Structure formats: structure tokens, C-alpha cells
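Tertiary structure, described
Listed below, chain by chain, are the residues.
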Amino acid sequence: MSACTFSDLPGLAARLASVPGTRPVGLRAVEIGPQALAHLPALIRQVLPDTAGGTAAVLRDDVPKFPRGDGRSGRGAEAGETVTRLLAADHWPRDVIVPGSDGHVYADAETIGAATGRVRGAALLVTVGSGTIADIGKAVSARLGGLPHVIVQTAASVNGFADDQSVLLLSGVKRTTQTRWPDVLVADTDLLAGAPIPLTRSGLGDLMAMFTAPADWRLAQLLGMADSYQEPLVSLVRGHSDALLQAAPGISATDPDAIGLLATLLALSGIAMGAAGTTAPSSGAEHTVSHLLDMAAAARGGPPALHGAQVGMCAVLTSLLWQRVIRLLASPRVTPHFPSEAEMEPRVRGAFDPYDPAGAMAGECWQHYRRKLARWRANRSQLLDLDWAGVARQVAGLLTEPAQIAAGLERAGAPARPCELDPPIGQATMVWAMANCHLMRDRFTVADLAFFLGAWGPDEAGEVLGEAGRLEAAA
Ligand SMILES: [Zn+2]
């Protein structure tokens, strides 16, 4: 599948453009496969010919990245150096190294501002790296008025390469922000296979959101809590779920075909988010729990576990929560609550204040949450009259057995439970993140519904964690 999916990117873009409410796909070429990097100069000549003769800023971090060796010639050249050599045929390459701390780069305002200043004046931006560097590159390209941008992906670690949004750190909170599509995406599977295996497993984890996030998106639309739901964008990725689960052992073994499938689905997942104009096709409650785990790690002063590793584990938990909510919706009396702002503001602030005594984080979350609360309250009369069993039936087809998600992760050697993450996450932090995940943003998820039905808080989160433990013991 990886060989042909993007051979007709204009065709795919045209097909998505015919879906009402979608936005145009700005990505103009995607190359995924062995030796894909060798095509870099030809792709740039084809898609961005006007940049020839100009400076090419090569944006990367200071961690060397090597392709997997073939056993005879040893490992190949470092990726950034290869890119610089390839660019030298038509451009003047110039390194822009993004400084990190403890090997971690953060996409905060200061980092993006500094990178923008150093890239300014270049005719072309080539970002070489994984998720956070790509997010910074997309933000810099947007800041510089749509500077032509090529991403050379060095790990199949997240789905954020092929879209026009960046996860930025604002007031200590990770926020998805509109930035700019890359013009070209290159994912060389030899290079991806050379990435540390936890990064590759993390990519699989990020994709496990396909078993929970589309259901959240559909639920939100059915409840009048989202403006759109585009089934073709969901099936773009979800249509390959069986292939992905079957490829799980190959992903662990860095089999080139399995890595190619993973990179292809990550790119499709990005395209779905970009076309939707929201991360909703690929990001629901499993992501909000993960974002709260990031906040807890930041407050502790240490790096969080890998994004996708957290998301995969959280998809198992969210899927268990979904099972509870589906059962609840089948009961004869479904009674939603409509709490007031006066009731919810202290709750939101109380959830986040311990992690940020200055209150900036809590204030940011409350601004987002109050929009969602206002919409929920405005929908009161429709919601009191809703056919809840019908809602459950319409969403059920998008869900998967929690055990199947856990088994997929386990077959790839990816973390399926909190204690398996690096660093491991304790029970108290997990309960806090799960019970409060709905309070951080305006996206409506299954956790919001469970909360408004009086069925979501620390006790229930603890029960779900217990169910997850028994699930994995049985698998
Ligand atoms: Zn993600």
C-alpha cells in the first residue's frame, strides 16, 4: 500500500476536496519508501523550482540520526549531512540547529522566535527530524509568510508531519495551533528503521487513537457539540486498521514493509486532520489524558514519556471508558446534568492549580472549557429529548474491543499499561489525568459525556485502571 497511496496525491486531494466542509490539502508531494531521501533534489525541482539558486535553511536538532545499516556497509551517513549534501546541487545549504535541553526540544514561543530569526532570508526551509522539530518547522514556515518547506521525517513517531497544525507549548499547556502544510514530505524507511525503536512504537501508539477519537468526534457531532463530522476523513485511516494490527510484530522488528505502512498511515492521519481543519479525526480523550500526563511531568521537572507511547496506552483506557458509556446509554433513564459556570470554574482551577501555582495554565484551560460548557448548556432542550440509545448505536461501529488495542500494542512491544511507560506513571497521576482530562480544552469527548451523566471522576477512573490491569492479565 505504501508504494501507491501517494503516487496520486493530487487525486487523493481532489477526492477529499469533494467532501463537504473539508479544506484543501496543501501538501504537494509525499515520498515514502526505501531510499526515498535520494529523491529529495528531484522532488524539490519538481514542486519548488523557484527556490533553486537560493539558500536552503536545514532546520534540525543536535542529535545525530543514521539510517539502519545493511550489515555490509555499516550504517550510512548522518541524515542532516546527507540532506545538506543533496541540497548543495541546487541550493546553498545553511544549518539551523535548534538547541534542546537534556536531549529534548520544546516547541515554545522562544524557540520558534529564535528559529524564525535564523531561517529568515532563506529561499527554502528543509526540516530534518521527528515530531517536535517538524512542528517548529511548520510554525517557522508560516511565520515567514509561507516559506517553501520540505520535511524529511527521521522517525515514524507521530502523525504530525503531513498537516498544517503544530502542537505548541503556550503558557505551559500544549495547544494545537494552525501553522502551515509542508509542501513536500519525505519519509525514507531506511532512515525510519534506524530511529530508536521506542520512537517507532510510539508512532503505532499515536495511531491507536483511530479506535477512540473518531467515536468522540461522531459523538460530539450527534450531540451538537461539534460543527462537523466527515466520515471519509475517518475511513482514510480507519480503513487500514486490520493491516496495522497485523503489522504490529513487523513494526517491532523494523521490517521495512511494516515501517512503510506505519509511515503511510501516519501521513494519512495527518492529512485527515489538515483536511478537517481540526485534529478531531485523530485526537480525542486519549490525547487529552496524554496532554495532562505531559503537564504532570513538566510540574515534576522531568521529560514526559513519548507522546505516542502515552496515547496508545490511553487509547486502551479510553476504550474501556467508552464501553461504560455505551452501557449507560442503553439504560432506560439517561439524565444529563448542566452545571453552571460558577460550579465548574473552581473545579477547573482546582484541577490545574496544583501543577501551576501562578495560575496561567488553569486560566488557559478555563477559557477553553467555558466555551464547551456554554455550548452544552445552550443545547439543553435538544439533549433532554435525545434518543440516547440511537446515539450509542451510531457510535458503536467506530469502537473496538479494548483487549484488541492492548494486544496490538503488546505485539509491537509498545507500552499498554502506565507502569510500562518510560518514565512509568503512578496510579495517583493516572487517576488525576483521567478524571480531569475533559477540563483542559473545548473539544467534546466521551469523558465530557460521562462527566455530565454523573459517571466520571476519580473513583471511576480508578475502576477503569483496574479493568485495564485485568484486561492485560487476561490477554
Ligand atoms: Zn498524537
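Quick word on the overall build of the chain
- In terms of regular secondary structure, the chain is built from 22 helices and 8 strands.
- In summary, the chain has a C-alpha radius of gyration of 22 Å against a globular reference of 23 Å for 475 residues, a match within 12%.
- Oriented by its inertia axes, the alpha-carbon framework of the chain measures out at about 70 × 45 × 45 Å.
- Here the chain holds 475 residues, and the buried ones make up 58% of them.
- Within the structure as shown, the chain displays about 18000 Å² of accessible surface, and the carbon and sulfur contribution to it stands at 52%.
- The centroid of the 39 positive side-chain charges in the chain is displaced by 3 Å from the centroid of its 47 negative side-chain charges.

What about the coordination of the zinc ion?
- Of the protein atoms, only Asp206 (OD), His287 (NE2) and His307 (NE2) coordinate the zinc ion, at distances of 2.1 Å.
- Considered as a linear motif, the donors of the zinc ion on their single chain read D-x80-H-x19-H. Placement of Asp206 in helix α8 (residues 197-207) and of His307 in helix α14 (residues 307-329) is noted, with a sequence separation of 101 residues between them.
- Classification of Asp206 by relative accessible area gives buried; the value is 2%.
- Assessed through its relative accessible area of 21%, His307 is described here as partly exposed.

Description of unusual backbone geometry
- Across the junction of Asp422 and Pro423, the peptide omega takes the value 0°, indicating a cis bond.
- Despite not being glycine, Gln35 has its phi angle at roughly 60°, a positive value.
- Positionally, Gln35 belongs in the loop between β1 (29-33) and α3 (40-47).
- In this model, Thr254 sits at a positive phi of 45°, which is unusual for a non-glycine residue.
- Looking at where Thr254 falls in the secondary structure, it is placed in the loop between α11 (241-252) and α12 (256-276).
- The class for Thr254 is buried, based on a relative accessible area of 12%.

Here we look at the domain arrangement of the chain
- Here the chain is partitioned into domain 1 (2-195) and domain 2 (281-474).
- Its C-alpha centre places domain 1 at a distance of 32 Å from the equivalent point of domain 2.
- Of the residues lining the interface, 9 residues belong to domain 1; the matching set on domain 2 comes to 13 residues.
- Taken over both partners, the interface formed by domain 1 and domain 2 buries close to 950 Å², and the fraction arising from carbon and sulfur atoms is 57%.
- Looking at the side of domain 1 facing domain 2, the largest losses of area belong to Val173, Lys174 and Arg175, adding up to 49% of the total buried there.
- Inspection of the region where domain 1 meets domain 2 yields 1 salt bridge.
- With a closest N to O distance of 2.8 Å, Glu364 and Arg175 form a salt bridge.
- The interface formed by domain 1 and domain 2 contains 2 residue pairs in polar contact (both at pLDDT 80 or more).
- Of the residues contributing to the side of domain 1 that touches domain 2, the split by class is 3 nonpolar, 4 polar and 2 charged.

Some remarks on the packing of helix α13 (residues 285-300) against α14
- Where α13 contacts α14, the axes come no closer than 8 Å and their chain directions differ by 130°. Relative to α14, the element α13 is oriented oblique. Here α13 and α14 pass one another in a crossing that is right-handed. Seen from α13, the contacting residues are Ala285, Glu286, His287, Val289, Ser290, His291, Leu293 and Asp294; seen from α14, they are His307, Gln310, Val311, Met313, Cys314, Ala315 and Thr318.
- Broken down by class, the residue content of the contact of α13 with α14 amounts to 7 nonpolar, 6 polar and 2 charged.

Focus on the pairing of strand β6 (residues 165-170)
- Sheet analysis places β6 next to strand β7 (residues 173-178), joined by 6 bridges and oriented antiparallel. Bridged to Gln165 within β7 is Gln178.
- Remark: 2 residues form the turn of the hairpin made by β6 and β7, two consecutive strands paired antiparallel; Ser171 in that turn has positive phi of roughly 50°.

Observations regarding the pattern of salt bridges
- Per the counting criterion, the structure on display carries 20 salt bridges.
- Across the pair Asp95 and Arg60 runs a salt bridge whose closest N-O atoms are separated by 2.9 Å. A residue pair is termed long-range when its members are at least 10 positions apart, and Asp95 in strand β3 (residues 92-97) and Arg60 in strand β2 (residues 55-60) qualify at 35 residues.
- Of the residues examined, Arg60 reaches a relative accessible area of 13% and is grouped as buried.

Considering the nonpolar core
- Among the nonpolar cores identified, the biggest contains 125 residues, and Leu223, Ile271, Phe352 and Leu449 are the most heavily contacted of them.
- Residue contributions to this core peak at 13 residues, all from α12.
- Looking at this core, you find at least three residues from each of domain 1 (2-195) and domain 2 (281-474).
- Residues within four places of Ile271 in sequence aside, it is in contact with Phe6, Leu9, Leu12, Leu16, Val25, Leu27, Ala162, Trp181 and Leu236.
- Counting 22 residues, the second-largest nonpolar core is a separate cluster that includes Leu37, Leu48, Val83 and Leu86.

Re the side chain of Asp135
- One can find Asp135 in helix α6 (residues 131-143).
- Those residues in contact with Asp135 that lie beyond four places of it in its chain are Gly160, Gln165, Ser166 and Val167.

Scoring rules and cut-offs
Every chain is numbered independently, its residues counted from 1 as its sequence is written. pLDDT decides what is reported in this predicted model: residues at 70 or higher carry local features, side-chain atom pairs at 80 or more are listed and counted, and totals for whole chains, interfaces and linings draw on all residues regardless. To get the side-chain values, all heavy atoms of the structure are used, and hydrogens and water are removed first. The helix count covers DSSP runs of H or I at least four residues long, the strand count covers runs of E at least two residues long, and both are numbered beginning at the N terminus. Radius of gyration: over C-alpha atoms. The globule rule applied is 2.2 Å multiplied by the number of residues raised to the 0.38 power. Under the scheme applied here, a residue whose accessible area is under 20% of the maximum for its type counts as buried, over 50% as exposed, and between as partly exposed, the area being computed with a 1.4 Å probe on protein chains only. Methods summary: accessible areas were calculated by the Shrake-Rupley approach with a probe of 1.4 Å, and residue burial reflects only the protein chains presented. We count Lys and Arg on the positive side and Asp and Glu on the negative side, and we leave His and both chain ends out. Charge placement uses NZ in Lys and CZ in Arg. For Asp and Glu, CG and CD serve respectively. Only nitrogen, oxygen and sulfur atoms qualify as donors, and only when within 2.8 Å of the metal (3.2 Å in the case of Na, K and Ca); with water excluded, sites may look incomplete. Residue ranges assigned to each domain were obtained from an automatic or database domain assignment. In this analysis, two residues are considered to be in contact whenever any of their non-hydrogen atoms come within 4.5 Å of each other. A 1.4 Å probe defines the accessible area here, and the buried area is the portion of it lost by two parts on being joined, summed over both. Definition used for salt bridges: Asp or Glu carboxyl oxygen within 4 Å of a side-chain nitrogen of Lys or Arg. Any N or O atom pair separated by 3.5 Å or less is treated as a polar contact, with the protein-specific requirement of one donor-capable and one acceptor-capable atom, and with residues adjacent in sequence counted only for side-chain atom pairs. Under the scheme applied here, ten amino acids are nonpolar (Ala, Val, Leu, Ile, Met, Phe, Trp, Tyr, Cys and Pro), four are charged (Asp, Glu, Lys and Arg), and all others, including Gly, are polar. Lines fitted to the C-alpha atoms define the axes, with helices restricted to the stretch that makes contact. Angles between their N-to-C directions range from 0 to 180 degrees. If an angle is under 35 degrees, it is roughly parallel; if it is over 145, roughly antiparallel; if it lies from 65 to 115, roughly perpendicular; otherwise it is oblique. Left-handed describes a crossing whose near helix is turned anticlockwise from the far helix through less than a right angle; right-handed describes the clockwise counterpart. Strand pairing is assigned whenever DSSP detects at least two bridges linking the two strands. Among buried residues, those of type Ala, Val, Leu, Ile, Met, Phe, Trp, Tyr and Cys that are joined through side-chain atoms within 4.5 Å constitute a nonpolar core.

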